[in-house]
Amino acid sequence: MRRLGAIEAGGTKFVCGVGHEDGTIIERVSFPTTTPQETMSLVLDYFTGKNIEAIGIGSFGPIDPVLGSPTYGHITTTPKPHWGGYNLVGAVSGQFQVPVGFDTDVNGAALGEYTWGAAQGLDSCLYITVGTGIGAGAVVGGELIHGLSHPEMGHILVPRHPEDTYGGFCPYHGDCLEGLAAGPAIGSRWGKPAGELPADHPAWAMEAHYLAHALMNYVLILSPQRIVMGGGVMKQSQLFPLIHTKLQELLSGYVQHPALNAEIGSYIVPPQLGDNAGLSGALGLAKLALARA
Ligand code: ADP
Ligand code: ZN
């Protein structure tokens, strides 16, 4: 079986691994994200001599994933020191003459769940992560959605919960979805880290209010065949039934499909790739790059 390289480029660490086209990951390592020079020299050394036939990179962003664009392969406007404008694909291609796949971490995760995980066998799916930030990626007909750049579905506007007095923390929009519902928002609103709030805390009904509004928009705009919800905040598994009920209430029977009615429990689901989601996503991007080469 062909060997593929995978890079999960995150704001705190770069996870690198080697895997196969069937999604198996044979080995993995992790390097701290410091400066591009330091981190990338560790990454490039790691892949040297590994006999890989393609490399996939799922990256923190914003990035430019549009082939043919002058800044394709670059990290663009990140507030992360040293990384703004960095040519990640250029660094990898300069060292290895193999096809390189490049996309956002959430697009990668969407592709991973679509190829090997919770959305296997379907034609479309949406993956959303609710963690330090909120981001989502979507696969439609086997293709990841791009346009001008990549979607930024975490920054949509949602109606405020009537009892919410928290202002929101997004530096660009204040109370966009990410500003109101990512992990740090929950922590600031309730004065305690999200992971320490009990399962019956009112925080979770409010969280479900925000996430269900977002999902309503995604369902109405994209009509994905399944929605996979991951990230640290979704470890609160009591959120799933709260979101199911709230989404049904919001849609109000308008979209008639079993997935949104009797089968909603298998429509909005946790990731199946678990802790491997990021790396599997990057592996999926490598597989796609190889198929296109
Ligand atoms: P990142 O988004 O940085 O990749 P995570 O997906 O782990 O990382 O998200 C981290 C966020 O998730 C933090 O804001 C943290 O408070 C929150 N979080 C982590 N674990 C839990 C948990 N068990 N329950 C609720 N929130 C959690
Ligand atoms: Zn925002």
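Our structure is the block above this text.
Basis of the calculations
Residues numbered from 1 in each chain as written. Chains lettered and ligands numbered in written order. Predicted model: local features only at pLDDT ≥ 70, side-chain atom pairs only at ≥ 80, totals over all residues. Heavy atoms only, no water. Helix = DSSP H or I, 4+ residues; strand = E, 2+ residues; numbered from the N terminus. Rg over C-alpha atoms; globule rule 2.2 N^0.38 Å. Buried < 20%, exposed > 50% of the residue type's maximum accessible area, 1.4 Å probe, protein only. Contact = heavy atoms within 4.5 Å. Areas by Shrake-Rupley, 256 points an atom, 1.4 Å probe, with all protein chains shown as cover. Pairing = 2+ DSSP bridges. Axes fitted to C-alpha atoms, helices over the stretch in contact; angles between N-to-C directions. Near = heavy atom within 4 Å. Polar contact = N/O pair within 3.5 Å; in protein donor to acceptor, adjacent residues only side chain to side chain. Nonpolar A, V, L, I, M, F, W, Y, C, P; charged D, E, K, R; others polar. Donors = N, O, S within 2.8 Å, 3.2 Å for Na, K, Ca; no water. Tetrahedral: all angles 85-135°; square planar, octahedral: opposite > 155°, others 65-115°.

Side note on the overall build of the chain
Along the backbone of the chain there are 8 helices and 10 strands. In terms of overall dimensions, the chain is globule-like: its C-alpha atoms have a radius of gyration of 19 Å, near the 19 Å expected for 293 residues. Across its three principal axes, the chain shows a C-alpha extent of roughly 55 × 40 × 35 Å. Split into buried and exposed, the 293 residues of the chain put 51% on the buried side. For the chain, contacts bridging at least 24 residues in sequence account for 61% of all contacts bridging at least 6. Surface exposure of the chain reaches about 12700 Å², of which carbon and sulfur atoms provide 55%.

A closer look at the sheet that holds strand E1 (residues 3-9)
The mixed open sheet is built from 5 strands, whose spatial order is E3-E2-E1-E4-E5. The open sheet is flanked by strand E3 (25-32) and strand E5 (100-104), the only strands paired with a single partner. In this sheet, neighbouring strand axes are inclined to one another by 15° on average, regardless of whether the strands run parallel or antiparallel. As defined by bridge partners, E1 adjoins strand E4 (residues 55-59) across 5 bridges and the pair is classed as parallel. Bridge pairing in E4 links Ala6 to Gly56. Across the sheet, helix H1 (residues 36-47) touches E1, strand E2 (13-20) and E3, and the angle it forms with E2 is around 15°. This element, helix H8 (residues 277-292), spans E1, E2, E3, E4 and E5 of the sheet and lies at about 130° to E1.

Things to note about the site of ligand 1
Around ligand 1, the surrounding shell consists of Gly131, Thr132, Gly183, Pro184, Ala194, Gly195, Gly231, Gly232, Val233, Lys235 and Gln236. Within the side chain of Gln236, a nitrogen or oxygen atom sits 2.7 Å from a nitrogen atom of ligand 1. For ligand 1, whose free accessible area comes to 570 Å², the fraction covered by protein is 58%. Here the residues of the shell around ligand 1 are counted per class, giving 3 nonpolar, 7 polar and 1 charged.

Regarding the coordination of the zinc ion (ligand 2)
At 2.1 to 2.4 Å from the zinc ion (ligand 2) lie its protein donor atoms, namely His155 (ND1), Cys170 (SG), His173 (ND1) and Cys176 (SG). Each of the 4 donor atoms around the zinc ion (ligand 2) contributes to a set of angles spanning 104 to 120°, which defines the coordination as tetrahedral. In the primary structure, the donors to the zinc ion (ligand 2) are separated according to the pattern H-x14-C-x2-H-x2-C. Here Cys170 falls in the buried class, since its relative accessible area comes to 5%. Of the residues examined, His173 reaches a relative accessible area of 39% and is grouped as partly exposed.

In short, shape yes, function no, at least from these values alone.
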